[in-house]
Structure formats: C-alpha cells, structure tokens
Amino acid sequence: MSRIAMDTRAQNSWKELIEKEAATRIACKLKQEEVSKNEDEWFDRTKYKLKKPLTGNLPTSLKFPPRPNKTNTIEEIERLTEQLKNSGENLLTDMKKPKEKVQALLYEGFTKEGKGRYQYLKERKLENPENKYEYPLLNSFEYGWKLNEVAQQYKTPTHGRGRIVEESFYRRNGVF
C-alpha cells in the first residue's frame, strides 16, 4: 500500500471524516436497537427455555503442541551480545564496506578542492549496486540486480539486422 502525502489541512479533514463516519455508525446502531426492541416484544422468550445451557466444553480434535521452555536467560543473552560485539561484525548495516583504496580518498584533501569526501562519493557512485549493497534495498534495485550475470548469457543474433546502409550511405561528417 502506498503512502498518501498529506499536509495538516488534509489530515484534519481526513480525521473529521473518520469521526463523522463513526458518529453515523453509532447513531444508526442506536436507531436499529430501538426498532428491534419493539419487534421483539411479540416473541416471548420466557416460554422457550433450554434444559441444558449452550455453553460448555465441546469436544475438539485440535491438540496444540506444548509451549517450548524459554532457555534464554538474561546472562545468556548478555553473553551472546558481548560475543557479537567482540566479533566486530555489524549486522545492522545494509551497505558493504568500501575498498581500502576508496576509503582512503576520504582523508586526502578537502571537498572544495575536489578531493576528500567529494572524490570518495564520486568513486562510490561509479561502483555497481551489487558491489555496494548486501541485497536490493528498494524495489527499483531488483530490476537491474545482477544484470551483468544475465547479460553474459545473451549473444548477438547470427541472422540479425546490420547497419549496412548507414555505414555505406551516410558520411562521417553528418552530411549526405
């Protein structure tokens, strides 16, 4: 589901619409209850009483598995977090670390000079998304993800059309 971009005025009108609908529903329900009270008067419920109550334990064929015992104690969780911290891996990052050569560009000069951060971002931009990210972050990434691998499978057609007319008829300088 896509998000709807709304400003404050649109949000307030949307909120007012929802409140109005809720009030209408409540008013309709109250009106129906009044009508149903009058309709139920002709039917005397006291004449028809059940000998056995409807509620009770009904036999079921469903048997739920027993709940697993929670073995993760606080000490074990703390031990695992310390182990993860000591390993040096960051599992929450989406981007792969850049090559050392590219990362070194950050510390060479200033952005105003066209070096430093400017040069680093320029180099990172030239890199393919497959090399920069662990997995496609956006839906638009999926369209071209691993495109180089797929493109290697396709070869030029043997009986395809050529540019014979263009090469022999037109001149290099663009004039007939």
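Just above sits the structure.
First, a word on scope: everything that follows refers to the structure included in this document. (Residues numbered from 1 in each chain as written. Predicted model: local features only at pLDDT ≥ 70, side-chain atom pairs only at ≥ 80, totals over all residues. Heavy atoms only, no water.)

Quick notes on the overall build of the protein chain
(1) Moving on: Along the protein chain, the regular secondary structure elements total eight helices and zero strands.
(2) Moving on: Looking at the protein chain as a whole, 6% of its 176 residues qualify as buried.
(3) Moving on: Taken as a whole, the protein chain presents about 18,700 Å² of accessible surface, with 55% of it coming from carbon and sulfur. (Helix = DSSP H or I, 4+ residues; strand = E, 2+ residues; numbered from the N terminus. Buried < 20%, exposed > 50% of the residue type's maximum accessible area, 1.4 Å probe, protein only. Areas by Shrake-Rupley, 256 points an atom, 1.4 Å probe, with all protein chains shown as cover.)

As for unusual backbone geometry
(1) Moving on: Backbone geometry at Lys-146 places phi at a positive 60 degrees, although glycine is not the residue there.
(2) Moving on: Position of Lys-146 among the secondary structure elements: in the loop between α6 (139–144) and α7 (147–151).

Quick notes on the packing of aromatic side chains
(1) Moving on: One pass over the full model with this rule turns up two aromatic pairs.
(2) Moving on: A ring pair is formed by Tyr-133 and Phe-141, whose centres lie 5.4 Å apart and whose planes are at 50 degrees; its orientation type is tilted.
(3) Moving on: Under the relative-accessibility criterion, Tyr-133 is labelled buried at 16%.
(4) Moving on: Here Phe-141 and Trp-145 contribute two aromatic rings whose centre-to-centre distance is 6.3 Å and whose plane-to-plane angle is 10 degrees, an arrangement assigned as stacked.
(5) Moving on: With relative accessibility at 17%, the residue Trp-145 sits in the buried group.
(6) Moving on: Clustering of aromatic rings is evident, with ring pairs tying together Tyr-133, Phe-141 and Trp-145. (Phe/Tyr/Trp six-rings, centres within 6.5 Å; stacked < 30°, edge-to-face > 60°.)

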